[in-house]
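# Working through the structure, step by step
Residue strings, one per chain:
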Amino acid sequence: MLEVSLLAIRDVSYLFCRTAECSVVYFSADGLILTKEQIRVPVYQKEPNDESVLVCYCFYHGPAAIRAELSATGRSTVIEEINRGIQAGQCACEIRNPQGTCCLGNLSVLVKQS
């Protein structure tokens with residue numbers, strides 16, 4: 001996920017900042033800060049109004065496709081599709097999602113708000 005050399009990363013715990021108005025994506029207790037400009041992919045929590053940003057980084061779902069499905073069919077199947085992927089062992093949120101956790105909460109909110 002990082003656009004910086006791994007030599008710059010220290011062996012400490014990092015926290016994720018989900019505040020859209022803040023450019024910091026990761027920070028550590030000892031002061032290391034990584035901003036959205038240092039991340040290889042757009043981060044949904046930092047760009048919540050960008051229709052092209054991914055919400056699900058494992059199965060490549062974004063707001064535009066979800067809203068298009070809702071508009072065309074009146075419902076979204078994205079949650080069911082991702083749950084099938086999880087059951088099949090295809091989920092890798094800890095690695096692929098910048099927040100380091102499952103995207104289902106973000107997707108549920110997006111579907112409800114759309």
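Definitions and limits used
- Residues numbered from 1 in each chain as written.
- Predicted model: local features only at pLDDT ≥ 70, side-chain atom pairs only at ≥ 80, totals over all residues.
- Heavy atoms only, no water.
- Salt bridge = Lys/Arg side-chain N within 4 Å of Asp/Glu carboxyl O.
- Helix = DSSP H or I, 4+ residues; strand = E, 2+ residues; numbered from the N terminus.
- Buried < 20%, exposed > 50% of the residue type's maximum accessible area, 1.4 Å probe, protein only.
- Pairing = 2+ DSSP bridges.
- Axes fitted to C-alpha atoms, helices over the stretch in contact; angles between N-to-C directions.
- Disulfide = S-S within 2.5 Å.

### Regarding the pattern of salt bridges
Under the criterion given, the structure shown has four salt bridges. Put simply, Glu51 and Arg67 hold a salt bridge, and the shortest N to O gap is 2.3 Å. With Glu51 in the loop between β3 (33-35) and α1 (63-73) and Arg67 in helix α1, this pair connects stretches of sequence that are 16 residues apart. On the basis of relative accessibility, which here comes to 32%, the residue Arg67 falls in the partly exposed class.

### A few points about the sheet that holds strand β2 (residues 24-28)
Pairing in this open sheet of three strands is antiparallel, and the strands run β1-β2-β3 from one edge to the other. Here the strands that pair on one side only, and so sit at the sheet edges, are β1 (14-16) and β3. The average undirected angle you get between the axes of adjacent strands in this sheet is 20°. Strand direction decides the pairing type here: β1 and β2, joined by three bridges, are antiparallel.

### Some points on the state of the cysteines
Joining two cysteines, a disulfide is a covalent bond between their sulfur atoms. Considering all chains together, one arrives at zero disulfides under this definition. Here Cys17 stays unpaired: no disulfide links it, and the sulfur of Cys22, its closest cysteine neighbor, is 3.9 Å away. Residue classification places Cys17 among the buried residues on the basis of a relative accessible area of 13%. With no disulfide of its own, Cys102 has Cys93 as its nearest cysteine by sulfur position, at a separation of 4.5 Å.

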